[in-house]
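Residue strings, one per chain:
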Amino acid sequence: MSAMQTSHPVAGPRADYGQLQREALSVLEGIDDPIAVMSTLACLVYGAVPGTSFAGFYRVVAPRLLRIGPYQGPLGCLEIPFDRGVCGAAAREERSQLVPDVHAFPGHIACDAGARSEVVVPVRDARGAVVGVLDLDSHAPSNFDDADREGLERLLAAIAPAFGG
Ligand code: SME
């Protein structure tokens, strides 16, 4: 890490989102099966983002209802209504949620009692419709910041055609 980057709010190693995106696009070239795409992304993201305890997808399966999709990490809640939790907020508001302290987020759902911070990014199809969310949790407070949010948003935008639309 260069001296220019030492003021970064997140301590410790950083994810290389450029490398992550190149790898994801290479591995997923020609694949438009959402389960294959989500499984592969959950694996790659979990391995690439330091401090991540859970990385996975919740899918919109009915109006205002999310259901668990492919993930890595401890057991996730099976279903999350749009009016609950950080994932519900991301789906409802159609924008990313960066939560440095989950205990300060009203309605946070503690699937994993050890979770302290999270970032949730909407998943869109090629037409921009929200088809789910990508949720990353960490046992460390403030594990994620805007660089993570932006890197994940870019990754999902690049992958959007694989989700149809
Ligand atoms: N914490 C999330 C629920 C999903 S799990 O942590 C895997 C939320 O509040 O939406």
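Residues numbered from 1 in each chain as written. Predicted model: local features only at pLDDT ≥ 70, side-chain atom pairs only at ≥ 80, totals over all residues. Heavy atoms only, no water.

### Considerations on unusual backbone geometry
The phi angle at R64 is positive, at roughly 60°, despite the residue not being glycine. Summarising the element assignment, R64 is placed in the loop between β1 (52-62) and β2 (65-72). At E94, a position not held by glycine, the phi torsion is positive, near 55°. Relative to the helices and strands, E94 resides in the loop between α3 (85-93) and β4 (97-99). (Helix = DSSP H or I, 4+ residues; strand = E, 2+ residues; numbered from the N terminus.)

### Comments concerning the state of the cysteines
Summed over all chains, the structure comprises one disulfide. At a sulfur-sulfur separation of 2.0 Å, the disulfide partner of C77 is C111. Looking down the S-S bond of the C77 and C111 bridge, the torsion is -115°, so its handedness is left-handed. Remark: C111 occurs in the loop between β4 and β5 (117-124) and C77 occurs in the loop between β2 and β3 (79-81); sequence separation between them is 34 residues. Owing to a relative accessible area of 19%, C77 belongs among the buried residues under this scheme. (Disulfide = S-S within 2.5 Å. Buried < 20%, exposed > 50% of the residue type's maximum accessible area, 1.4 Å probe, protein only.)

### Focus: the packing of helix α1 (residues 17-27) against helix α4 (residues 146-159)
Packed helices, taken two at a time, are described by the angle their axes make and the gap between the axes. Across the interface, α1 lies against α4 with an axial gap of 10 Å and an inter-helix angle of 20°. One way to sum up the angle between α1 and α4 is to call them roughly parallel. Viewed along their axes, α1 and α4 form a crossing whose handedness is right-handed. In this structure, α1 uses Y17, L20, Q21, A24 and L25 to contact α4, whose residues at the interface are A147, D148, G151, L152, R154, L155, A158 and I159. (Axes fitted to C-alpha atoms, helices over the stretch in contact; angles between N-to-C directions. Parallel < 35°, antiparallel > 145°, perpendicular 65-115°, else oblique. Left-handed = near helix turned anticlockwise from the far one by under 90°. Contact = heavy atoms within 4.5 Å.)

### Considerations on the confidence of the model for the protein chain
Detailed reading of the predicted coordinates is not advisable wherever pLDDT is low. Taken over all residues, the pLDDT of the protein chain has a mean of 93, while the share at 70 or more is 93%. In this model, residues 1-8 is a region of pLDDT below 50 whose contacts with residues beyond four sequence positions or in other chains number six contacts. (pLDDT = per-residue confidence, 0-100.)

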